[in-house]
Amino acid sequence: MPLQESHLISRYVGLAKVKPQLGRVGSGRWEKVRAAAERATLDLAAELLQIQARREAQPGHAFATDNTWQKEFEAAFPFTETPDQLKAIAAAKADMERTRPMDRLVCGDVGFGKTEVAIRAAFKAVMGGKQVAVLVPTTVLAQQHLNTFRERMAGYPVAVEMVSRFRSRKEQNQILAALALGKIDILIGTHRLVQSDVQFKDLGLVVIDEEQRFGVKHKEVFKRWRAHVDLLSMSATPIPRTLYLALTGARDLSTIETAPVNRLPIHTIVKSYDEKVVVEAIQHEVRRGGQVFYLHNRVMSIDLVAARLRELLPRLRIGVGHGKMDEGDLEHVMTDFVAGNYDVLVCTTIIESGLDIPNCNTIIIEGADRFGLSQLYQLRGRVGRFKHQAYAYLLLHRHARVMDLARQRLSAIRQHNQLGAGFRIAMRDLELRGAGNLLGAEQSGHIVGVGFELYCQLLKQSVARLKGEKHAAAVRASVKLDFVFVGEGADRTTTKRAEATDSFSALKQAEREAGEFAKIQARLPAGYIGEARLRIDFYRRLAMAENVEAVRAIEAELRDRFGKFGPEVRALLLVTEIRVRAEQKGLLSVETDSGRLKCLRHSGRRDDFIQLHNRFPRLTAPTPTARLKELIVFLTNLPNP
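A. Geometry of the overall build of the chain. Summing up its helical and strand segments, the chain has 22 helices and 19 strands in all. Classification of the 641 residues of the chain by burial places 50% in the buried group. For the chain, long-range pairs separated by at least 24 residues make up 76% of all intrachain contacts whose partners lie at least 6 apart in sequence. With an accessible surface of roughly 31,200 Å², the chain has 52% of that area assigned to carbon and sulfur atoms.

B. Examining the packing of helix α20 (residues 548–562) against helix α21 (residues 567–584) more closely. The contact between α20 and α21 brings their axes to 9 Å, and the two run at 165°. If you check the angle between α20 and α21, you find them roughly antiparallel. Read as a crossing pair, α20 and α21 show a hand that is right-handed. Contacts between α20 and α21 pair Val548, Val551, Arg552, Glu555, Leu558 and Arg559 from the former with Val569, Arg570, Leu573, Thr576, Glu577, Val580, Arg581 and Gln584 from the latter.

C. Quick peek at the packing of helix α19 (residues 532–544) against α21. Interhelical geometry of α19 versus α21 gives an angle of 30° and a closest axis separation of 9 Å. It follows that α19 is roughly parallel to α21 by the angle criterion. The segment α19 lies against α21, with Tyr539, Leu542, Ala543 and Met544 engaging Leu572, Leu573, Thr576 and Arg579.

D. Looking closely at the nonpolar core. Counting residues in each nonpolar core, the largest one holds 62 residues, and the members touching the most others are Met153, Ile186, Leu205 and Leu232. The element that contributes the greatest number of residues to this core is helix α4 (residues 114–127), accounting for eight residues. Excluding residues within four positions of it along the chain, Leu232 makes contact with Ala92, Met102, Arg104, Val106, Val117, Ala118, Ala121, Leu205, Val206, Val207 and Ile208. The next biggest cluster of nonpolar side chains, apart from the first, holds 40 residues, and it includes Ile520, Leu534, Ala545 and Val548.

E. Molecular detail of the sheet that holds strand β3 (residues 160–163). The seven strands lie next to each other as β3-β4-β2-β5-β6-β1-β7, forming an open sheet whose pairing is parallel. Of all strands in the sheet, those bounded by a partner on one side alone are β3 and β7 (252–256). Sheet twist, expressed as the mean angle between neighbouring strand axes with direction ignored, is 20°. Relative to strand β6 (residues 230–235), strand β1 (residues 103–108) is paired through five bridges, and the arrangement is parallel. Paired with Cys107 across the strands is Ser235, a residue of β6.

F. Here's a closer look at helix α22 (residues 624–637). Over its 14 residues, α22 runs 20 Å from end to end, which matches the ideal 20 Å to within 8%, given 1.5 Å per residue. All buried positions along α22 are accounted for by Pro624, Arg627, Leu628, Leu631, Ile632, Phe634 and Leu635. Viewed end-on, α22 has its buried residues packed into an arc of 160°, placing them on one side of the element.

G. The arrangement of the environment of Asp197 in detail. Relative to the elements of secondary structure, Asp197 occurs in the loop between β4 (186–189) and β5 (203–209). In this structure the C-alpha to C-alpha distance between Asp197 and Ala177, which are 20 residues apart in sequence, comes to 9.8 Å. Leave out the neighbours within four places in its chain, and Asp197 touches Leu176 and Arg192. At 2.8 Å, the side chain of Asp197 and the side chain of Arg192 are in polar contact.

H. Looking closely at the environment of Asn640. Its location among the elements puts Asn640 in the segment after α22. On a C-alpha basis, the gap between Asn640 and Gly586 in space is 7.7 Å, while along the polypeptide they are 54 residues apart. Those residues in contact with Asn640 that lie beyond four places of it in its chain are Gln584, Lys585 and Arg601.

I. Spatial organisation of the packing of aromatic side chains. Summed over the entire model, instances satisfying the criterion amount to 10 aromatic pairs. Plain terms: the ring middles of Trp69 and Tyr156 are 5.8 Å apart, the flat faces sit at 70° to each other, and that makes the pair edge-to-face. Separated by 87 residues along the polypeptide, Trp69 in helix α2 (residues 68–75) and Tyr156 in the loop between α5 (139–152) and β3 bring together distant segments of the chain. You can call Trp69 partly exposed: its relative accessible area is 39%. With a centroid separation of 6.3 Å and 85° between ring planes, the pair formed by Tyr528 and Phe565 is classed as edge-to-face. Remark: Phe565 occurs in the loop between α20 and α21 and Tyr528 occurs in the loop between β16 (520–522) and α19; sequence separation between them is 37 residues. Looking at Tyr528, the relative accessible area reads 14%, which means it is buried. Owing to a relative accessible area of 12%, Phe565 belongs among the buried residues under this scheme. An aromatic cluster of at least three residues, connected via ring pairs, comprises Trp69, Phe73, Phe123 and Tyr156. Here Arg120 stacks its cationic end above the ring of Phe77, 5.1 Å away from the centre of that ring.

J. Spotlight on the sheet that holds strand β12 (residues 360–366). Overall, parallel pairing links the six strands, which are arranged β8-β13-β12-β9-β11-β10 in an open sheet. A single partner strand is all that each edge strand has here, and the edge strands are β8 (267–272) and β10 (318–321). Shown here is a sheet whose adjacent strand axes are inclined to one another by a mean of 20°, direction ignored. With four bridges connecting them, β10 and strand β11 (residues 344–347) associate as parallel partners. Following the sheet pairing, Ile318 is matched in β11 by Val344. Packed onto the sheet, helix α10 (residues 302–312) meets β9 (291–295), β10, β11 and β12 and runs at close to 170° relative to β10.

K. Quick look at the pattern of salt bridges. Applying the stated criterion across every chain, the model contains 30 salt bridges. Note that Glu81 and Arg120 form a salt bridge whose closest N and O atoms lie 2.7 Å from each other. Of this pair, Glu81 sits in the loop between α2 and α3 (83–96) while Arg120 sits in helix α4; the two residues are 39 residues apart in sequence, bridging distant segments of the chain. On the accessibility criterion, Glu81 (22% relative accessible area) is partly exposed. Through salt bridges with shared partners, a single ionic network connects Asp66, Glu74, Glu81, Lys93, Glu97, Glu116, Arg120, Lys124 and Arg152.

Cut-offs used in this document
- Residues numbered from 1 in each chain as written.
- Predicted model: local features only at pLDDT ≥ 70, side-chain atom pairs only at ≥ 80, totals over all residues.
- Heavy atoms only, no water.
- Helix = DSSP H or I, 4+ residues; strand = E, 2+ residues; numbered from the N terminus.
- Buried < 20%, exposed > 50% of the residue type's maximum accessible area, 1.4 Å probe, protein only.
- Contact = heavy atoms within 4.5 Å.
- Areas by Shrake-Rupley, 256 points an atom, 1.4 Å probe, with all protein chains shown as cover.
- Axes fitted to C-alpha atoms, helices over the stretch in contact; angles between N-to-C directions.
- Parallel < 35°, antiparallel > 145°, perpendicular 65-115°, else oblique.
- Left-handed = near helix turned anticlockwise from the far one by under 90°.
- Core = buried A, V, L, I, M, F, W, Y, C linked by side-chain atoms within 4.5 Å.
- Pairing = 2+ DSSP bridges.
- Expected span 1.5 Å × (residues − 1).
- Arc of directions from axis to C-beta.
- Polar contact = N/O pair within 3.5 Å; in protein donor to acceptor, adjacent residues only side chain to side chain.
- Phe/Tyr/Trp six-rings, centres within 6.5 Å; stacked < 30°, edge-to-face > 60°.
- Lys NZ or Arg CZ within 6 Å of the ring centre and 35° of its normal.
- Salt bridge = Lys/Arg side-chain N within 4 Å of Asp/Glu carboxyl O.

Printed below as a string of structure tokens:
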């Protein structure tokens, strides 16, 4: 592959356990697979844009700008906001002030302050006379959000309630009746909120925490909401679909990657299970006044594990919490743990989503090799929410032979120790665990065929094409100029002369060259950019440039970083500009043949060459650089298709 065409190569990220079938050269298999993937992305893009079009066609409620109460409420936040957090808050509020319904995804690492973005948006909605629904994946998290929202809004006339398993049938009915009358401003709940008997008087904002945890049926309801209500989704480990759609312009995205002040990365230890390690880890945490999560993900044996820990650590208060417990009992256990009445909580993955217990700074995960990567990341994120050093012990079953996949997963979690690694983890998770049902069964089949990167590229193109954007043309113009050699490699003239071995052939070759127009090489010489990796990067960026402004920006960067450049770099920039302008004019190819200019354009159902008075246009400039500039002038003056 010539270096200047390195943009055609991308890393294959497919679905785990499914190997792509390789096509043979000339078999046409790759073209068919790619075409099928392109058709599938068009269908998906059409569906996304249909939702977006419905949102545009049905103007939502435009909230007023911040009032005095909103400013006072925000000023009462007890912590210092991070720059990313402030940006996300400003973007969400700006979306709410527009008539078009908001559909924003806030991606931020666990404990980086996504909840505060939701709280401020909810407060703004209530100040605007609307009701708010907050959907969370687990009952325990619903309880925690209820406490947080009530605590933050205590000084204001805002009624916050919750429906979940923690509420009796009678309590739920009373809450729903008050909701329908508009007496409740903010309702927090699990998927119970999606059921038909939940009727809001005037719903204005829906907040969805950890959207990827909800099922297909719930997502269908969210899809309907998206068309007419402001929607704010939050995720700590974005699934690639959510992440990707956010980046393609089908959804707005805010990222919170700056850690709160004084936050330390979590120290991760991977070891075989050993009671001595467990005892030492718990004692160390309790000695410094903290609490411990002990994760054992088997309900049948969880009480035996807790009993054994009580034997090993008789002085400590040990509680047990899991999803099969009676709702009231679970609520009491979790509330007691938050209040500091237990030193250790032996629990299942019910703690996975969003629980915020600042005093808990050690987590011990038993059988860590059985968890997926993003799940481990979320579990580990339950600790280290305050300024103390946090520890995560990933313990493997002694008898278990750690599979290669599990080993990769655990090394990845250790590598991504720094704060804000959620995005990189999500991409690794796609590769290791498989995308499964991320884009539906049909779409995931196409990811196997062409790889995630190319699939995303095709989807981006499809969205742009359906939106009627000019740069969306999937057509890539080919530029073949007989007076320019593009890319790395020896000068072809010298090569040709070297090939002419006998004196007669060399003489004939020299005669031919004397009659030919001078040639120029278009490339980034190693003398100008010494490092091969940087040269490849600039070739890729030039090849991916979609407009003249992008080419100018790269030119300015080259001057700034590497100084003044010679005719070879100038020629490469001019050839790139010719390609960009040709694409903007809808040309399929631009070729020169001894001064004749052949521009092929698709018109109607066929491809035609552009001709002036039934003849090919001619280039007359005396030097290669001047000819390139003459060609740019010709393309600029060419009428649009």
